[in-house]
2 protein chains.
Amino acid sequence: MAVLLFCTVAMACAPAAHAEDGYDLWLRYPPTESARATAYRAQVSQLLAADATPTQAATRAELLRGLRGLLGVTPVPANTVTQAGAVVVGTPSSSPTIARLRLDTRRLGPEGYLIRSVAIDGHAVTVIAADADAGALYGAFHFLRLLQTGQPIAKLDLRDTPRVKLRLLDHWDDLDGHVERGYAGASIWDWHKLPDYLDPRYTDYARANASLGINGTVLNNVNSNALSLTPAYLEKAAALAGVFRPYGIRVFLSARFSAPMEIGGLKTADPLDPAVKRWWRDKADEIYRVIPDFGGFLVKANSEGQPGPQDYGRSHADGANLLADALAPHGGTVMWRAFVYSHEEPDDRAKQAYTEFVPLDGKFRGNVLVQVKNGAIDFQPREPFHPLFGAMPKTPLMMEFQITKEYLGFATHLVYLGPLYEETLKADTHAKGKDSTVAKVIDGSLDGHALTGMAGVANIGAGRNWSGSHFDQANWYVYGRLAWNPTLSSRAIAEEWVRMTFSNEEGVVAPVVDMMMGSREAAVDYMTPLGLHHLMGRSHHYGPGPWVEGGPRADWTSVYYHRANREGIGFDRTAHGSNAVAQYSPYLAREFGDLQRVPEEFLLWFHHLPWDYRTRSGRPLWDELVHRYTSGVDYVRGMRSTWSGLEGKVDAERHAQVAAFLGIQEKEAQWWRDASIAYFQTLSGRPLPAGEAAPAHTLEYYQSLEFPYAPGSGR
Amino acid sequence: MAVLLFCTVAMACAPAAHAEDGYDLWLRYPPTESARATAYRAQVSQLLAADATPTQAATRAELLRGLRGLLGVTPVPANTVTQAGAVVVGTPSSSPTIARLRLDTRRLGPEGYLIRSVAIDGHAVTVIAADADAGALYGAFHFLRLLQTGQPIAKLDLRDTPRVKLRLLDHWDDLDGHVERGYAGASIWDWHKLPDYLDPRYTDYARANASLGINGTVLNNVNSNALSLTPAYLEKAAALAGVFRPYGIRVFLSARFSAPMEIGGLKTADPLDPAVKRWWRDKADEIYRVIPDFGGFLVKANSEGQPGPQDYGRSHADGANLLADALAPHGGTVMWRAFVYSHEEPDDRAKQAYTEFVPLDGKFRGNVLVQVKNGAIDFQPREPFHPLFGAMPKTPLMMEFQITKEYLGFATHLVYLGPLYEETLKADTHAKGKDSTVAKVIDGSLDGHALTGMAGVANIGAGRNWSGSHFDQANWYVYGRLAWNPTLSSRAIAEEWVRMTFSNEEGVVAPVVDMMMGSREAAVDYMTPLGLHHLMGRSHHYGPGPWVEGGPRADWTSVYYHRANREGIGFDRTAHGSNAVAQYSPYLAREFGDLQRVPEEFLLWFHHLPWDYRTRSGRPLWDELVHRYTSGVDYVRGMRSTWSGLEGKVDAERHAQVAAFLGIQEKEAQWWRDASIAYFQTLSGRPLPAGEAAPAHTLEYYQSLEFPYAPGSGR
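Positions within a chain are numbered from 1, following the residues in the order the chain's sequence is written. Naming scheme: in the order in which they are written, chains are lettered from A and ligands are numbered from 1. In keeping with the predicted nature of the model, local features appear solely for residues at pLDDT of at least 70, side-chain atom pairs appear and are counted solely at 80 or more, and the whole-chain, interface and lining totals rest on all residues. Calculated side-chain values reflect all of the structure's heavy atoms, with hydrogen atoms and water omitted.

### Details of the sheet that holds strand 9 (residues 250-254) of chain B
All names here are of chain B.
Here is step 1 of the chain: Should DSSP find at least two bridges between two strands, the strands are regarded as paired. Each helix corresponds to a stretch of at least 4 residues labelled H or I by DSSP, and each strand to a stretch of at least 2 residues labelled E; elements are numbered beginning at the N terminus. Spatially, 7-8-9-10-11-12-13-14 is the arrangement adopted by the eight strands of the closed barrel, whose pairing is parallel. Put simply, the sheet's adjacent strands are angled 25° from each other on average, direction ignored.
Here is step 2 of the chain: Pairing between strand 11 (residues 333-337) and strand 12 (residues 368-373): four bridges, direction parallel. In the strand pairing of strand 12, Trp-336 is matched with Val-370.
Here is step 3 of the chain: The sheet contacts of helix 12 (residues 418-426) involve strand 13 (397-402) and strand 14 (453-457), and relative to strand 13 the element is tilted by about 155°. Only the stretch in contact is used when fitting a helix axis, every axis being a line fitted to C-alpha atoms; angles between N-to-C directions are given from 0 to 180 degrees. Two residues form a contact once any of their heavy atoms are found within 4.5 Å.

Quick look at the structure:
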């Protein structure tokens, strides 16, 4: 108790020592408010946790670390329950105490767990039980989360198992440290010092992911470099795999389809060529020799200039199966991206992935997942769900979400992506009648697939706070929680995150959660309202560029997507237009194609309408458009005042950075609004609605702005 | 006293909260050992410090921060001395108390200070007095350093003034965040978020530099980008200048000579063209409007592909004077680099800067400094001092040292550069007879120059510990201290740094200082012993490459410099060879040219000798060469055991990283030794001396290694 007193004091009077720079993410474990802490201490008096395996040791260490931080004291390590408040963690094989309880852990599978308040020898005990070490680790993080979020822990009866098998982060990290579409600094992988130096940060990365249930990571960019598959780099990847393994995280690599030529000395990469097949089989064998639990390959082929099977007149299935056959003997998986569009001038890029992949349904090997972005264009602020979901019943489809905010304001805009993910997962494909949600496609329940997966394009970099901003950490968090269970609510997850990351004080939780929940809709409004899309600056994607035209291909311009002219604006994807609606189920095709029924947020995605078209607000389309732009900016202004109201309730260091970033966001939201209005007005020729401020500058000014060194550009 | 007790406890039992990740550099301010702390507390009972100006506020804040950390308590702010132990900081104009003392502060100049123990109204007081705010700031850091290093502070009578006027860091940072020859992560300048977001790190950067007396920073790479001079980037630079100003640090920029064409729309950059002159005058006026205390331009012209006056048949003086005239009205300075060598195949690159610049002596404007690297080749592990030092009496020469270890093992090799800097500064040019040291050329005393300067190529990046490794922080530190006073001893500075950075415990200080002091000689031995130079891997400069030949120009190869063949090895720079010795004073020309007198560390720099030449050890040259390579590796092995002996005496976090890096250093030292011996043996054809281990691999193996993504490469 003396120790406890001192340490509580410690925290109190050495705040300078513990800078709140965001490095600790949602695993800060700050001292718990004292009344609640007293109650908790009685409930964590002893800890029964084995540490015979690396995962058991990591589980035990995390519990001790978390409880020390939260409660100022740590439970007494013990082998048998001798007092009330014991916490027992493990599996029937790692813990005799748990074995004695004869819990049906088998049904929890390799990653599930249960947390239950039971009596052992007359003592009230909390049991965190699983069938395998990984499950116990996840259960321990869940138990800590209960304390972190101030939940009661006296009468627990929880069980949880992941609904998705592969829960991955995709790093678009290059070997030179550049992160494509990265806004949080350089890559956290220090390839040059690997394998000899293992940055402690790699361990903290693994802890953060394990706390969410993320169980795999693709280390390198999908625009990949064949050198990643050379012995020197495999040795480096193996060193990382060694750090991640205790946390249940497996390493995957992006594979360059032409690697057999670039590093194998072959004349071809033709997937049907025997030498090519042999090369990939030998390469897989080589990889598994150094990384026995290697997860598999992610492949971007025949997309945006990447090599692929079509270079040899073969299909995506031929390409995927080539790698699948090489990995199969080792239990590895191929994740083949469906983000493709023809090299020729396309009629509607939104239709192309569907056109290419649907005919291949059923032609992929059993260890292939087709990885599909949430929408058919490219991670826009809002897109309708990708028509491939529900359209390939014989093929397990893996979801690809983007966590890094390539199109959503980079690091400085406060945009919580939970609602975007939730909107997509809850969307009903109607593939097998009502309630055929995208979530059910992803978790395999709709079509009975066992192999399932979800990928998030990481927003992680070497910057101190990992994600480029404190609030972008919430996007990593919500992605991980939804990958574990796609049916969770993004608001509930936001609340969890705010409590763990900032404060359990209601005066902080409520306003911050509200602020977050509306932030994505605000970004849609000040960037691309009413179904508009792909209107950003060319190549770096920073700021507005609705005037972008010309260049190598039409579907890399803005005018291709907004189709605005004197008469009106919007992309006609109805039967009168590109008929992209026909790629959805008949029910949705009718809904999206019908002006009366199409959700207004998709209005201009599916329809080209006159400027004076009457929207549901009663306003003419032009007026509604301006209104949305303005309200998006207003929302940001509102977030600024909400946040300044929290000064003193949030540590000064993080409060100051968030405040500064919100200032940048307001400035840039205004820029988006003004530049977009200035441009579209030259086409609509209509006056601004009463009360609407004119753009601050001329259209020429906005068009003149250049940002050659905006971060994250592709190469 | 209660607070004090609690806080001491605090530090004691919340170490986990204060991760020793190196971010705090030598300004950690850890709790002082208790007996000494008790004594100090009585001597800092009150603090009289104004905060009417930003610099005064920074001075006061640093004292409070430092004393709180070191002593657990802070002195009571006061306006008059009412008890023993008061500390009075300021200038006659900022502090009535100091004014009353009638100290002769005038002679301290704008940056000097004195620290004196005096009696005021019967109370024992410590006075930190200066003639200007900056001096008081430097004095405060000096006072803190006394406590940090455990010095007595009861009877102080110190005064100090800088011997060099411009004490700068040169950042080779590109606008996209890449740092040329940077091994500490990306650039700390977040150009994209500037000027709106001011990372607190910018302030800590300023504090660290001010603690050393560094008073200027060149923000961008000498291989410069004209965009740095556009309004958008000047606004960003101005924001940084605003952060640095209170700390006495001025901002400088590298200027691209062809900027008038690239961003000015002119057809020429000819320094004698009236339009070009006008453009630079207007640009200077524009810069000073946004940065009133702008320091000036650093220029790399007609060197390694950079544009310059010679493109128009003009001289370096014409180019420098063009910019000097533009800056003169505002008090700005031009730093014109002498690192040049002809485009044609050169006879001896070591001679070229001298050949080009000596004839220009006296032709430069009064606000021009010619910036000369310490040696005539390029920041090698060891070079004789540059022959320009002492050879241009009418021109103030500025020293350019490299802090970042481009040729000294990048971030992972523990190489303390203090001895390298000291060796150069203490070198005697004999320009005006004995004791005409390089230090006297630099501080202006030899030729009576008032404008003086020293530049260090920064080793700073966004990595958490700033310099890529904990020990590389010492190179930033020793550079700054020597820039303030080039006559200081590198050993004394090392001891200061170890006490401030690691521990005052003798059991730590002595072994670590010894380890550091021998580390540079060890690197010379395992990389380029006996005067060998420029034998590293091509372009990225990582690892050994004595076999490097061919390519665009001979003087970018290794064979050009070692000249090894069946007969012998070394570059004959005597009268029989390139006669580079003649560029030194007659006394040194004789010494360097005479095999009996040439310092053996320069043996092969100046002489080509047969493999069986008898060295001073009595060993034949080949045997001595192998002996040196081996002893370099042995020294690293010794550092590893010294360091492992310090486990427990140094915090675990930093101890582990240093230990891991020493492991990499030993591996790479062995690599340098083995690859060099394997290569040179093919020429010497001689057996290894008895007891010398053969290289671990074949020469072909070493030659086959490739590192396309080694960090820091130029573009």
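### Some details on the sheet that holds strand 4 (residues 113-120) of chain B
Residues and elements named next belong to chain B.
Here is step 1 of the chain: The six strands are arranged 2-1-3-5-4-6 in an open sheet whose pairing can be described as mixed. This sheet does not close on itself; its edge strands, each paired only once, are strand 2 (76-77) and strand 6 (157-160).
Here is step 2 of the chain: Two elements, strand 4 and strand 6, share four bridges in a ladder whose sense is antiparallel. In the sheet register, Tyr-113 faces strand 6, and the bridge partner there is Asp-160.

### Focus: the nonpolar core
Residue and element names in this part refer to chain B.
Here is step 1 of the chain: Of all hydrophobic cores here, the largest spans 220 residues; its most connected members are Phe-143, Phe-244, Trp-280, Trp-476 and Phe-680.
Here is step 2 of the chain: Looking at this core, the element that brings in the most residues is helix 21 (residues 652-684), giving eleven residues.
Here is step 3 of the chain: Beyond its immediate stretch of four places on either side in the chain, Phe-680 contacts Leu-532, Leu-535, Pro-546, His-562, Ala-564, Ile-569, Trp-611, Trp-622 and Tyr-629. For this analysis, a nonpolar core means a set of buried residues of the types Ala, Val, Leu, Ile, Met, Phe, Trp, Tyr and Cys, connected via side-chain atoms within 4.5 Å. Type-normalised accessible area, obtained with a 1.4 Å probe on protein chains alone, sets the label of each residue: buried when under 20%, exposed when over 50%, and partly exposed for intermediate values.

### Considerations on the UniProt feature "domain: Alpha glucuronidase N-terminal" (unreviewed entry) in chain A
Here is step 1 of the chain: UniProt positions are given in the numbering used here, feature names are shortened, and annotations may be inferred rather than shown by experiment. Mapped onto this structure's residue numbering, the UniProt feature "domain: Alpha glucuronidase N-terminal" (unreviewed entry) falls at residues 25-143 of chain A.
Here is step 2 of the chain: End C-alpha atoms of residues 25-143 of chain A are separated by 17 Å, and the span's content is 38% helix alongside 23% strand.

### Thoughts on the packing of aromatic side chains
Residue and element names in this part refer to chain A.
Here is step 1 of the chain: Here a pair means two rings of Phe, Tyr or Trp (six-membered ring of Trp) with centres within 6.5 Å. Their orientation is stacked below 30 degrees between planes, edge-to-face above 60, and tilted elsewhere. Under the counting rule described, the total for this entry stands at 87 aromatic pairs over all chains.
Here is step 2 of the chain: Note on Tyr-584 and Phe-592: the rings are 5.1 Å apart at their centroids and 85° apart in plane angle, and the pair reads as edge-to-face.
Here is step 3 of the chain: Assessed through its relative accessible area of 9%, Tyr-584 is described here as buried.
Here is step 4 of the chain: Residue classification places Phe-592 among the buried residues on the basis of a relative accessible area of 4%.
Here is step 5 of the chain: Each residue in the set Tyr-23, Trp-26, Trp-189, Tyr-202, Tyr-205, Phe-244, Trp-466, Trp-476 and Tyr-477 is aromatic and connected to the rest through ring pairs, giving one cluster.
Here is step 6 of the chain: Think of it as a cone above the ring: NZ of Lys or CZ of Arg counts as a charge over the ring if it is within 6 Å of the ring centre and within 35 degrees of the ring normal. When the ring centre of Tyr-341 is taken as reference, the NZ or CZ atom of Arg-349 above it lies at 4.1 Å.

### Thoughts on the pattern of salt bridges
Two side chains that carry opposite charge are able to pair once their charged atoms sit near each other.
Here is step 1 of the chain: Any carboxyl oxygen of Asp or Glu within 4 Å of a side-chain nitrogen of Lys or Arg constitutes a salt bridge here. Considering all chains together, one arrives at 97 salt bridges over all chains under this definition.
Here is step 2 of the chain: With a shortest N-O distance of 2.8 Å, Glu-286 of chain B and Lys-283 of chain B are connected by a salt bridge. Highlighted residues: Glu-286 of chain B and Lys-283 of chain B, both in helix 9 (residues 274-290), separated by three residues, approximately one helical turn.
Here is step 3 of the chain: The salt bridge partner of Arg-337 of chain B is Glu-400 of chain B, with a shortest N-O separation of 2.7 Å. With Arg-337 of chain B in strand 11 and Glu-400 of chain B in strand 13, this residue pair connects regions lying 63 residues apart in the sequence. You'll find Arg-337 of chain B and Glu-400 of chain B in the same group, each marked buried.
Here is step 4 of the chain: The network of salt bridges with shared partners includes Asp-21 and Arg-464 of chain A together with Asp-21 and Arg-464 of chain B.

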